[in-house]
Amino acid sequence: MSDITETHINYYGKQPADLIEERETKRPLTPRAKVARDLYLEAKSSVSLEFPYWYTRRWEELDGEIPITRRAEAMKAGFMHLTPAIFPGELLSMGKAAFLRGSFPMPWLSEAFFMAAEDKLYKEAQESGKLTADSFTTMGKGGGNVTKSIGKVISIAGKFGVRVEEMPIMIEVAKKWKDKSVDDVGHKYEQLVPGYSEKEALMRSVICMFDSGYTLPQGREVMNYYYPLQFGIDDLINQCRESIAEVAGYPDMDRLYFFRATIIMLEGLQHWIRNYSEEALFLASIETEEKQKSEYLEMADRLDWISSKPPRSFHDALQMIWTFHVAVLNEDAISGLSPGRVGQVLYPFWKRDIKNGVINQEKTIELLECMRVKFTEIDCFASMGVVGGVLSGNTFNNLCIGGLLKDGTSAANELEMLIIEAGISCDTPQPTLSMLYDEKLPEEFLLKGVECTKIGTGYPAWVNNQGAMEFLVNNYGHEGMSIEEARAWAIGGCLETSPGSWAPLELDGEIHWIPGGSAPATSVGVHFLSLPKILEVTLFDGMDMRSGQRIFPSHGYKLNTYIELWQAFRDYFSRACHVLTLTNNIQHDAWRKISPSLINSMLKPDCLAKGKDIGQMGSRYNTTFNIESCGTANLVNSLAALKQNVYTEKYYSLDEYRSALLANFGYCTAQETGSYSLVDQVPTDNYHQWKKIHKQSLDAPKFGNDNPFADAIMKEWEDWFCEMAHDYRSLYDQPMYACQISVSTHGPMGAVTLAGPDGRLCGTTFSDGSVSAYPGTDKNGPYALFNSATCWNHSLSQNSQLNMKIHPSVVKGRQGSRKFLELIRAYLRKGGFHVQFNIVDSRMLKQAQAEPEKYRSLLVRVAGFTQYWVELGKQIQDEVIARTEYEEL
């Protein structure tokens, strides 16, 4: 036991009682949703090869065809040959694949993993051994993750299972995309960028987490369901035919090909939906139980209807938006495809059905619970570094509630109250909820959101509606963004502010203005730069001391002053942004040429009007590329420690600090101890040699305590970062902007970083979010943390992220809810963009870590998303446990 902390858990306020405090009791699931969720909890993430096989087969048959038409035909073949699977008791059907937790590889994006691991995978098939995983990412060892090969199932990326007999098919399909995939083509051309070697060095050192052009080219955006809800598929096909007649033979012929490809794609979707309708009819024909038989027949009728026509009812509309959501997910490797403000989109259908007695509140809750389970079933097939190191197995389907209507009045409605209610009774990770907080929202609506947060779901997160609107007008104003249009925004992915627009849904002769996403992916570009690692490389004059490799040329500074240190750090950060922006632009250009979006493009305004897909700037808004950072609090705390201990008080020289960092302050590394937070670290024999400098590093001013010294450094960083991001131009020749979320990258990025001047030890996880305090360093209470977090203008950035952990006893009961709401209000009124909470006794988390089999359904909030505890890697589990637990507000 080290003396870094006195306890294994960081507390603010009084110590908790001896017994572990349970979360407030939630209401039970409806029986139908309980069956579906229990089925999910027993399922494993499974790989299907149907879609990639038929996609690739059709693609090869059409060599020489117009690329976007070839893509549409390949997608059509994939959808047509997906085996329909309807599970017992479902009210909503259809999925990515025939497995409950099914997904599939997309070798047209990247086949490199399968090619590189071919021999290993075949050996797995023969010996059922464990697949080697990314050495710097940990996956959760429980739940639905297939963490090791067993019997006839091979583990891929520590998460997905594939049947042994399908392994040769997967390898052969991958081989057909060698030198043709987005990854391979993009890589060939990105090497022409001057200074490309620095890009490779940045990736090897994990200063940059991953490329975005072929890993997750879409997502972190908001769906738009308007066109199928208003017109239906048949009408959309007819509209495209009419457009073809208008543009065929005229200049800008790409419009002709786009409309033709859209028709082909829609025909494929119709076939896919009708396959499910026929399956439901078959199941009805063999079903003996009358109630289930009737439900199958209703399902068959519903699916057949929406395969061509707009919805007749709320249930039809819910099935339609789910169908198109899955369709887009099957188009690309996608995380963060948010349904957006569904409660407002579907409200006209629901209100009509309520008025006509077609549905009641109890049936609505049951449907919404079933919707939650379907969203939770979504899996994203990607490498371990992406699935574990970034996503933590989550897919970030963010459903937003609240905000404002087109006319500026409160958008909260009765259906959204029921959406929150379903989130309480059916506490699943997906879809996560975000409250678009505005002063105009009703008190009872906000208290309902608090009630949901209190049960420990981690949702809704609380987001500043006015701050987001200000960001959108500032960054999209040159594309025509107005205050009225900004009101249509929603969160794309875990926390990406995403522009929307209003569309006139006509129902029974009445117009309802509904919001929907109006931009492509709002989080592509430079994916996650490790701020502490760049500072480390700055201190060692461009070298990565862990690997012994040079990342940047010598910066040429002696670092005799803090000003020189700050300038050298900014120079290196700017170099990284420059080369990564250029290489990512090339990757995304390869993506839009080889694998253009069709389904998502058809849905997004104004692609159908322009005759252009989203890759050709068909969307209304296109300023969507960003620069993402990770480890902000560690950077600020490290700069504060150096500024005080080296440059101001001169307690130590910079060389003495370098030696202390290389010696890890006399402690074993996190990799050696298997513990990834600052607690539970083990000293070495020479610990006492470094004890004093480590203590003074830990005692230096820390962000999160309303400390002017540390907060001034934070403000200086934020003002510079948010301004300099605009200097870089995206593929669409639009200025980029700052994005500040960690997702799960603070785990693997911390794993490859030496000890920091802030006292953090080698290999331990960074601080989460961007304005969260480093675990255990916020000593002065929540309002001091709020003051520090709002020392800069959050509307300058696409987002900011604050995570807090509160003991359940502090917010118990109705009075606790009101106190909790006032806490949230206080932060957002100060200008904070986002805050989210874990309402949990930390001792429960430690117990769950020791006995995961007893906590299969335990949910925690990580960084913009909620996930089952057992499906998180230990790096993230340790960091969540170590977060300061507030016993007082």
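Given the structure is predicted, the values throughout are model-derived calculations rather than measurements.

A few words on the overall build of the protein chain. Of regular secondary structure, the protein chain possesses 34 helices and 24 strands. Across its three principal axes, the protein chain shows a C-alpha extent of roughly 80 × 60 × 60 Å. In the protein chain, the proportion of contacts linking residues at least 24 apart, taken out of those at least 6 apart, comes to 77%. Total accessible area on the protein chain is roughly 28,900 Å²; 52% of this is exposed by carbon and sulfur atoms. Side-chain charges of the protein chain comprise 90 positive and 112 negative groups, with the mean position of each set lying 1 Å from the other.

Here the amide bond leading from glutamine 430 into proline 431 is cis, since omega sits at -15 degrees, within 30 degrees of zero. Secondary-structure assignment places proline 431 in the loop between helix 17 (414-425) and strand 9 (432-437). Aspartate 606 follows proline 605 through a cis peptide bond whose omega is 10 degrees. Inspection of the secondary structure puts aspartate 606 in the loop between helix 23 (599-603) and helix 24 (607-610). Here aspartate 252, not a glycine, exhibits a phi torsion of approximately 60 degrees, which is positive. Relative to the assigned elements, aspartate 252 resides in the loop between helix 9 (226-247) and helix 10 (254-286). Here aspartate 252 falls in the partly exposed class, since its relative accessible area comes to 35%. The residue phenylalanine 665 is not glycine, and still its phi comes out positive at about 55 degrees. Its place among the elements puts phenylalanine 665 in the loop between helix 26 (654-662) and helix 27 (670-673).

This paragraph deals with the packing of aromatic side chains. The relative placement of two aromatic rings is captured by the distance of their centres and the angle of their planes. By the definition in use, this model includes 41 aromatic pairs. The interplanar angle of 25 degrees and the centroid separation of 6.3 Å between the aromatic rings of phenylalanine 51 and tyrosine 55 together place this pair among those described as stacked. With phenylalanine 51 and tyrosine 55 both in helix 2 (residues 50-61) and 4 residues apart, the pair spans about one turn of that helix. What makes phenylalanine 51 buried here is its relative accessible area of 0%. Since its relative accessible area comes to 1%, tyrosine 55 is described here as buried. A ring pair is formed by tyrosine 652 and tyrosine 657, whose centres lie 6.1 Å apart and whose planes are at 85 degrees; its orientation type is edge-to-face. When its relative accessible area of 1% is taken as the criterion, tyrosine 657 is described as buried.

What follows deals with the packing of helix 3 (residues 67-80) against helix 10. Remark: helix 3 packs on helix 10, axes separated minimally by 8 Å, with the N-to-C direction vectors making an angle of 0 degrees. Here helix 10 runs roughly parallel to helix 3, going by the angle between their axes. Facing Ile68, Thr69, Ala72, Glu73, Met75, Lys76, Phe79 and Met80 of helix 3, the residues of helix 10 in contact are Tyr257, Phe258, Ala261, Ile264, Met265, Glu267, Gly268, Leu269, His271, Trp272 and Asn275. The residue inventory of the contact of helix 3 with helix 10, partitioned by class, reads 12 nonpolar, 4 polar and 3 charged.

Residues that lie three or four places apart on an α-helix share one face, since the helix turns once every 3.6 residues. In this model, helix 25 (residues 632-648) (17 residues) spans 22 Å end to end at C-alpha, consistent with the 24 Å of a helix rising 1.5 Å per residue. Counted residue by residue, helix 25 has 14 buried out of 17 residues, so it is predominantly covered. Where helix 25 ends, the next residue or the one after it, lysine 650, has phi of about 55 degrees, a positive value.

Note on placement: alanine 789 falls in helix 31 (residues 782-789). Overall, alanine 789 belongs to the buried group, its relative accessible area being 0%. For the pair alanine 789 and lysine 830, spaced 41 residues apart in sequence, the C-alpha to C-alpha distance is 9.4 Å. Beyond its immediate chain neighbours, meaning those up to four positions away, alanine 789 contacts Phe703, Val771, His794 and Tyr827.

Core analysis: the biggest nonpolar cluster contains 258 residues, and Leu346, Leu529 and Phe573 have the highest contact counts within it. Looking at this core, the element that brings in the most residues is helix 10, giving 15 residues. Residue contributions to this core reach at least three from each of two domains, namely domain 1 (35-64 + 95-192) and domain 2 (218-232 + 303-514). Apart from the residues within four sequence positions on either side, phenylalanine 573 is in contact with Leu529, Leu531, Ile534, Ile627, Trp717, Trp720, Phe721 and Met724. One finds Ile156, Val164, Met167 and Phe381 within the second-largest nonpolar core, a separate group that totals 14 residues.

A separate point is the side chain of threonine 866. Here threonine 866 shows up in strand 23 (residues 866-868). Take threonine 866: its relative accessible area is 0%, and that puts it in the buried class. A polar contact is formed between the side chain of threonine 866 and the backbone oxygen of threonine 457, at a distance of 2.7 Å. Side-chain polar atoms of threonine 866 contact the side chain of arginine 861, separated by 2.9 Å.

Here the idea is simple: oppositely charged side chains can pair when their charged atoms come close. Here the structure, examined in full by the defined rule, presents 58 salt bridges. Residue arginine 163 pairs with glutamate 166 through a salt bridge whose shortest N-O separation is 2.6 Å. Taken together, the salt bridges that share partners define one network made up of Arg32, Lys291, Glu295, Lys363 and Glu366.

Looking now at the confidence of the model for the protein chain. Overall, the predicted model of the protein chain reaches an average pLDDT of 91, with 94% of residues at or above 70. A low-confidence stretch, residues 125-139 stays under pLDDT 50, and its non-local contacts, those more than four residues away or across chains, total 45 contacts.

Attention shifts here to the sheet that holds strand 15 (residues 524-530). On the basis of which strands lie adjacent, the open sheet formed by 3 strands has the order 15-18-19 and parallel pairing. The outermost strands of the open sheet, each flanked by one partner alone, are strand 15 and strand 19 (737-739). Here the average twist between neighbouring strands, direction ignored, is 25 degrees. Alignment of strand 18 (residues 625-630) against strand 19, held across 3 bridges, turns out to be parallel. Residue pairing for strand 19: asparagine 626 is matched across the bridge by tyrosine 737. Strands in contact with helix 21 (residues 531-539) are strand 15 and strand 18; relative to strand 15, the strand with the most contacts, it is inclined by about 60 degrees. Packed on one face of the sheet, helix 22 (residues 562-594) meets strand 15 and strand 18 and runs near 145 degrees to strand 15.

Attention now moves to the packing of helix 12 (residues 314-329) against helix 15 (residues 361-376). Axis separation between helix 12 and helix 15 bottoms out at 12 Å; the angle between their running directions is 5 degrees. Classed by the angle they form, the pair helix 12 and helix 15 counts as roughly parallel. In this structure, helix 12 uses Phe314, His315, Leu318, Trp322 and His325 to contact helix 15, whose residues at the interface are Thr364, Leu367, Leu368, Met371, Lys374 and Phe375. Counted by class, the contact of helix 12 with helix 15 contains 7 nonpolar, 3 polar and 1 charged residues.

About the cut-offs
Residues numbered from 1 in each chain as written. Predicted model: local features only at pLDDT ≥ 70, side-chain atom pairs only at ≥ 80, totals over all residues. Heavy atoms only, no water. Helix = DSSP H or I, 4+ residues; strand = E, 2+ residues; numbered from the N terminus. Contact = heavy atoms within 4.5 Å. Areas by Shrake-Rupley, 256 points an atom, 1.4 Å probe, with all protein chains shown as cover. Lys, Arg positive; Asp, Glu negative; His and termini not counted. Charge placed at Lys NZ, Arg CZ, Asp CG, Glu CD. Buried < 20%, exposed > 50% of the residue type's maximum accessible area, 1.4 Å probe, protein only. Phe/Tyr/Trp six-rings, centres within 6.5 Å; stacked < 30°, edge-to-face > 60°. Axes fitted to C-alpha atoms, helices over the stretch in contact; angles between N-to-C directions. Parallel < 35°, antiparallel > 145°, perpendicular 65-115°, else oblique. Nonpolar A, V, L, I, M, F, W, Y, C, P; charged D, E, K, R; others polar. Expected span 1.5 Å × (residues − 1). Core = buried A, V, L, I, M, F, W, Y, C linked by side-chain atoms within 4.5 Å. Domains from an automatic or database assignment. Polar contact = N/O pair within 3.5 Å; in protein donor to acceptor, adjacent residues only side chain to side chain. Salt bridge = Lys/Arg side-chain N within 4 Å of Asp/Glu carboxyl O. pLDDT = per-residue confidence, 0-100. Pairing = 2+ DSSP bridges.

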